[in-house]
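# Structural overview for review
Chain by chain, the residues run as shown.
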Amino acid sequence: MEHEQQNFLGVALAESNLLLRRWNDVFTRQHREDFAQEAAFAAVLQCNAMRKPAAFPSLVRVITRRMRARAIHRHLRLPECVAESDLQLLPMPDPLVGSHLLVAGRLVPQAWLVACLDGVLPRLSQLNRMLLLGFYEGFSCGELGDRMGLSEMSVKVRIHRSRGLLRKKIERMVRAADQFES
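Source: prediction; values computed, not measured.

### Focus on unusual backbone geometry
- In this structure, Ala104 is a non-glycine residue whose phi angle is positive, near 55°.
- A relative accessible area of 29% means that Ala104 is categorised as partly exposed.

What follows is the structure, encoded as structure tokens:
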């Protein structure tokens, strides 16, 4: 039994570290080892209750994503004594990789797209907006369905349609823009 848990712990640590390497922000880099260890330990505690042991890596990823999101959320709610250098918490584009994305055949600054997204998101219904944001915070469609009283398939359809609607609106805005302010 202890040998199995050690195997699960090794898999969990590897999976968690792999996922955390996706984020290159200051906060995640500073706390990567802590997140990985805490997430691996939490996942190992839940591994005995799993019906499908093959889903263990997915469990680790969900726990890791949520742990990171909650830590960032807690950190952002700290009092005003937070140093200005700590405000670079969210994933920022790497200047060497490029801060522009190809949208509707045009290179668009990511900052412009984020501002555009802030203007387009409120156009979704409240339920669809909550489902979309919840999904990107790391909740599964099943969990969102349980929370909102919807079937998992209904959640998937709503998220798919909301993403398509956002994409179309943003593409229209990109085509209409003469130039982009970053």
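Right, picking up where we left off after that structure.
### Notes on the packing of helix H5 (residues 126-136) against helix H6 (residues 141-148)
- Where H5 meets H6, the axes come as close as 10 Å, and the angle between the chain directions of the two elements is 145°. Crossing of H5 over H6 shows right-handed handedness. Residues Leu127, Met130, Leu131, Gly134 and Phe135 of H5 form the contact with H6, whose participating residues are Cys141, Leu144 and Met148.

### A short note on the confidence of the model for the protein chain
- Averaged over every residue, the pLDDT of the protein chain is 81; the share at 70 or more is 84%.
- Between the elements of the protein chain, mean pLDDT differs from a low of 77, seen in helix H1 (residues 2-20), to a high of 93, seen in helix H7 (residues 152-176).
- In the predicted structure, residues 80-97 sits below a pLDDT of 50 and forms 17 contacts with residues beyond four places in sequence or in another chain.

### Brief notes about the side chain of Asn128
- Here Asn128 shows up in helix H5.
- A distance of 2.7 Å separates a polar atom in the side chain of Asn128 from a polar atom in the side chain of Arg158.

### With respect to the packing of aromatic side chains
- Counted under the stated rule, the structure contains two aromatic pairs.
- For the ring pair Phe27 and Phe35, a centre distance of 6.1 Å and an interplane angle of 50° mean the geometry is tilted. Assigned by exposure class, Phe27 and Phe35 land together as buried.
- Just above the ring of Phe139 sits the side chain of Arg147; from NZ or CZ to the centre is 4.6 Å.

### Focus: a positive patch on the surface
- Positive charge collects at one region of the surface, where Arg70, Arg74, Arg77 and Arg147 lie side by side.
- Turning to its location among the elements, Arg70 is positioned in helix H3 (residues 56-76).
- Under the relative-accessibility criterion, Arg70 is labelled partly exposed at 46%.

### Quick look at the packing of H5 against H7
- Two elements in contact, H5 and H7, have axes whose closest approach is 9 Å; the angle formed by their N-to-C orientations is 95°. By the angle between their axes, H5 is roughly perpendicular relative to H7. Here H5 contributes Leu127, Asn128, Leu131, Leu132, Phe135 and Tyr136 to the contact with H7, which in turn contributes Val155, Arg158, Ile159, Ser162, Arg163 and Leu166.
- Split by residue class, the contact of H5 with H7 holds eight nonpolar, two polar and two charged.

### What to know about the environment of Ala71
- Turning to its location among the elements, Ala71 is positioned in helix H3.
- When the C-alpha atoms of Ala71 and Phe35 are compared, they prove to be 9.1 Å apart, with 36 residues separating the residues in sequence.
- Residues contacting Ala71, with those up to four places away along its chain left out, are Phe27 and Phe35.

### Some points on the pairing of strand S2 (residues 106-109)
- Here strand S1 (residues 100-103) pairs with S2 via four bridges, running antiparallel. The residue of S2 that forms the bridge with Leu101 is Val108.
- Count of turn residues in the S1/S2 antiparallel hairpin: two residues, of which Ala104 carries a positive phi of about 55°.

### Some thoughts on the environment of Phe180
- Within the element layout of this structure, Phe180 appears in the segment after H7.
- When the C-alpha positions of Phe180 and Trp112 are compared, they lie 6.7 Å apart, and in sequence the two are 68 residues distant.
- The contacts of Phe180, once residues within four sequence positions are left out, are Arg106, Leu107, Val108, Pro109, Trp112 and Val174.

### What to know about helix H4 (residues 110-120)
- The complete set of buried residues in H4 reads Trp112, Leu113, Cys116 and Val120. Down the axis of H4, the sector holding all buried residues measures 95°, keeping them to one side.
- If you follow the buried residues of H4, they end up packed against S1, S2 and H7.

Analysis parameters
Residues numbered from 1 in each chain as written. Predicted model: local features only at pLDDT ≥ 70, side-chain atom pairs only at ≥ 80, totals over all residues. Heavy atoms only, no water. Buried < 20%, exposed > 50% of the residue type's maximum accessible area, 1.4 Å probe, protein only. Axes fitted to C-alpha atoms, helices over the stretch in contact; angles between N-to-C directions. Helix = DSSP H or I, 4+ residues; strand = E, 2+ residues; numbered from the N terminus. Left-handed = near helix turned anticlockwise from the far one by under 90°. Contact = heavy atoms within 4.5 Å. pLDDT = per-residue confidence, 0-100. Polar contact = N/O pair within 3.5 Å; in protein donor to acceptor, adjacent residues only side chain to side chain. Phe/Tyr/Trp six-rings, centres within 6.5 Å; stacked < 30°, edge-to-face > 60°. Lys NZ or Arg CZ within 6 Å of the ring centre and 35° of its normal. Patch = residues over 30% accessible without salt bridge, like charges linked within 9 Å, V, L, I, M, F, W, Y side chains within 5 Å. Areas by Shrake-Rupley, 256 points an atom, 1.4 Å probe, with all protein chains shown as cover. Salt bridge = Lys/Arg side-chain N within 4 Å of Asp/Glu carboxyl O. Lys, Arg positive; Asp, Glu negative; His and termini not counted. Charge placed at Lys NZ, Arg CZ, Asp CG, Glu CD. Parallel < 35°, antiparallel > 145°, perpendicular 65-115°, else oblique. Nonpolar A, V, L, I, M, F, W, Y, C, P; charged D, E, K, R; others polar. Pairing = 2+ DSSP bridges. Arc of directions from axis to C-beta.

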